[in-house]
Amino acid sequence: MDTTSIPINWFLMLSTALFVVGVAGVLIKKNAIIILMSIELMLNAANINLVAFSVYNNDASGQVMALVSIGLAAAEVALGLAILLNLNKLRDTVNVDDLSILRW
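Residues numbered from 1 in each chain as written. Predicted model: local features only at pLDDT ≥ 70, side-chain atom pairs only at ≥ 80, totals over all residues. Heavy atoms only, no water.

Asker: Give a detailed account of helix H2 (residues 32-56), specifying residues and quantitative values.
Answerer: Over its 25 residues, H2 extends 36 Å from the first C-alpha to the last, a length consistent with the 36 Å expected when each residue adds 1.5 Å. Taken residue by residue, H2 has Ala32, Ile35, Leu36, Ser38, Glu40, Met42, Ala45, Asn47, Ala52 and Ser54 as its buried positions. Buried positions along H2 lie against helix H1 (8-28) and helix H3 (61-91). Immediately beyond the C-terminal end of H2, within one or two residues, lies Asn58, with a positive phi of roughly 55 degrees. (Helix = DSSP H or I, 4+ residues; strand = E, 2+ residues; numbered from the N terminus. Expected span 1.5 Å × (residues − 1). Buried < 20%, exposed > 50% of the residue type's maximum accessible area, 1.4 Å probe, protein only. Contact = heavy atoms within 4.5 Å.)

So this is what it looks like as structure tokens:
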């Protein structure tokens with residue numbers, strides 16, 4: 001690693017900040033779409049860590065795992081939005097507190 005590159009601590013601080021914002025969004029917000037976006041922020045924080053450590057260790061496996069994680073995140077969003085669209089059609093809301101259709 002050369003001296004002109006960005007230190008890994010900065011990537012870790014950025015990743016931590018993104019993850020904290022994502023956790024706060026999941027815990028505080030009641031809109032299901034915002035909750036999905038917060039989960040995506042947390043996954044992106046993990047991807048930043050994977051790529052940063054991959055570059056730091058000169059190993060491509062972290063970057064490959066980040067690509068797999070991006071693919072899984074895209075599938076998660078597609079399924080989540082499909083479920084939310086169907087629930088919105090049934091209940092006319094995406095507020096998590098108003099959705100009790102999934103309970104037994």
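Asker: I'd love a proper account of the pattern of salt bridges, names of residues and values included.
Answerer: If you walk through the whole model with that rule in mind, you get one salt bridge. Between Asp97 and Lys30 there is a salt bridge; the shortest N-O distance is 3.1 Å. Here Asp97 is found in the segment after H3, whereas its partner Lys30 is found in the loop between H1 and H2, with 67 residues between them in sequence. (Salt bridge = Lys/Arg side-chain N within 4 Å of Asp/Glu carboxyl O.)

Asker: How would you explain the side chain of Asn47 if you had to name every residue and give the values?
Answerer: Topologically, Asn47 is positioned in helix H2. At a separation of 3.0 Å, a polar atom in the side chain of Asn47 contacts the side chain of Ser69. Every residue in contact with Asn47, bar those within four places of it in the chain, is listed here: Ala66, Ser69 and Ile70. (Polar contact = N/O pair within 3.5 Å; in protein donor to acceptor, adjacent residues only side chain to side chain.)

Asker: Kindly report on the confidence of the model for the chain, identifying the contributing residues and their values.
Answerer: Of the residues in the chain, 91% have a pLDDT of 70 or more, and the chain-wide mean is 89. Per-element confidence in the chain ranges from a low mean pLDDT of 91 for H3 to a high of 96 for H1. (pLDDT = per-residue confidence, 0-100.)

Asker: Describe in detail the packing of H1 against H2, supporting the description with residues and values.
Answerer: Closest axis-to-axis distance for the H1/H2 pair is 7 Å, and the angle between their directions is 165 degrees. On the basis of the axis angle, H1 is roughly antiparallel to H2. Handedness of the H1/H2 crossing: left-handed. Contacts from Ile8, Phe11, Leu12, Leu14, Ser15, Leu18, Phe19, Val21, Gly22, Val23, Gly25 and Val26 in H1 reach Ile35, Ser38, Ile39, Leu41, Met42, Ala45, Ala46, Ile48, Asn49, Ala52, Phe53 and Tyr56 in H2. Residue composition of the contact of H1 with H2, grouped by class: 19 nonpolar, five polar and no charged. (Axes fitted to C-alpha atoms, helices over the stretch in contact; angles between N-to-C directions. Parallel < 35°, antiparallel > 145°, perpendicular 65-115°, else oblique. Left-handed = near helix turned anticlockwise from the far one by under 90°. Nonpolar A, V, L, I, M, F, W, Y, C, P; charged D, E, K, R; others polar.)

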